[in-house]
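# Secondary and tertiary structure notes
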Amino acid sequence: MRNLILSAALVTASLFGITAQAADVPLEAGKTYVELANPVAVSVPGKIEVVELFWYGCPHCYAFEPTINPWVEKLPSDVNFKRIPAMFGGAWDAHGQLFLTLEAMGVEHKVHNAVFDAIQKQGKRLTKPEDMADFVATQGVDKDKFLATFNSFAIQGQIKQAKELAQKYGVQGVPTMIVNGKYRFDLGTSGGPEQTLNVADQLIAKERAAK
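Residues numbered from 1 in each chain as written. Predicted model: local features only at pLDDT ≥ 70, side-chain atom pairs only at ≥ 80, totals over all residues. Heavy atoms only, no water.

Each helix and strand counted, the chain has 9 helices and 5 strands in total. In the chain, the succession of α and β elements from N to C terminus is α-β-β-α-β-α-α-α-α-α-β-β-α-α. Counting over 211 residues, the chain shows a buried share of 46%. Residue pairs at least 24 apart in sequence account for 73% of intrachain contacts in the chain once pairs closer than 6 positions are excluded. Taken as a whole, the chain presents about 10,500 Å² of accessible surface, with 52% of it coming from carbon and sulfur. (Helix = DSSP H or I, 4+ residues; strand = E, 2+ residues; numbered from the N terminus. Buried < 20%, exposed > 50% of the residue type's maximum accessible area, 1.4 Å probe, protein only. Contact = heavy atoms within 4.5 Å. Areas by Shrake-Rupley, 256 points an atom, 1.4 Å probe, with all protein chains shown as cover.)

As structure tokens, then:
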């Protein structure tokens, strides 16, 4: 986990001060992005998939939110965006299970920002199920239903799947993005938040043209 945190830390705060350029970020395989040797199947066949792997405890993921969220809202109908929690043990696993539980309950879109704020701004750990349940209850989520879902067999299956996907993608730090199960890139390789989304846009266009 130390290596993962250090990997994320390499994306320094200065990157977030870089403004988007008018010209596209040059796409260079092996530099701007990595093409996976073994493409990973997408979750919705027929659509171009964009995945963001993240961790609620990652300050860079939190700082990326104001940039990526408006972008996601404007994605065209042929693009399917999904978040996958990076789960590498300890708090990563706890927070990942929290996210998957909220998603399974259909309330992730209502509670996601509040969870990020609680951990990043309010200093809440939210690593124990009871603490999570108490917190999401303040956001209008039924506490008992949350705990039942959190401990369900279905969530255990999703945890396994999330870990397998992160391994297949070759993820070593967060936030990391994957386009159509083929291309991996992040803030460091792209040059900053806006540039990362510019790379995503270009790779989406590349996949659309290849159809």
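Now that the structure has been shown, we can carry on.
Geometrically, the link from Val174 to Pro175 is a cis peptide bond, its omega value of 0 degrees lying close to zero. Relative to the elements of secondary structure, Pro175 occurs in the loop between helix H7 (153-169) and strand S4 (176-179). A positive phi angle is found at Leu126, which is not glycine, with a value near 50 degrees. Examined against the element boundaries, Leu126 turns out to sit in the loop between helix H4 (108-120) and helix H5 (129-137).

Judged by nonpolar contacts, the single largest core of 44 residues is most densely connected at Leu53, Val115, Phe146 and Tyr169. Looking at this core, the elements that each hand over two or more residues are strand S2 (48-54), helix H3 (91-104), H4, H5, helix H6 (143-150) and H7. If we ignore the near neighbours within four places in the chain, the residues touching Val115 are Tyr56, Leu98, Leu102, Leu126 and Phe135. (Core = buried A, V, L, I, M, F, W, Y, C linked by side-chain atoms within 4.5 Å.)

Taken as a whole and judged by the stated rule, the model has 10 aromatic pairs. Arranged with centres 5.1 Å apart and planes meeting at 85 degrees, the rings of Phe54 and Tyr56 form a pair that is edge-to-face. By the burial criterion, Phe54 is buried, and Tyr56 matches it. An aromatic cluster is present here, built from Phe54, Tyr56, Tyr62, Phe99 and Phe116 joined pairwise through their rings. (Phe/Tyr/Trp six-rings, centres within 6.5 Å; stacked < 30°, edge-to-face > 60°.)

Turning our attention to the side chain of Gln202. Here Gln202 shows up in helix H9 (residues 193-210). A polar contact of 2.7 Å, which involves the side chain of Gln202, links it to the side chain of Asn198. If sequence neighbours within four positions are ignored, Gln202 has contacts with Asp24, Val25 and Leu27. (Polar contact = N/O pair within 3.5 Å; in protein donor to acceptor, adjacent residues only side chain to side chain.)

Bringing the environment of Gln161 into the picture now. Within the element layout of this structure, Gln161 appears in helix H7. The exposure class assigned to Gln161 is partly exposed, which follows from its relative accessible area of 48%. For the pair Gln161 and Ile84, spaced 77 residues apart in sequence, the C-alpha to C-alpha distance is 9.7 Å.

By themselves, these figures tell us nothing about what the structure is for.
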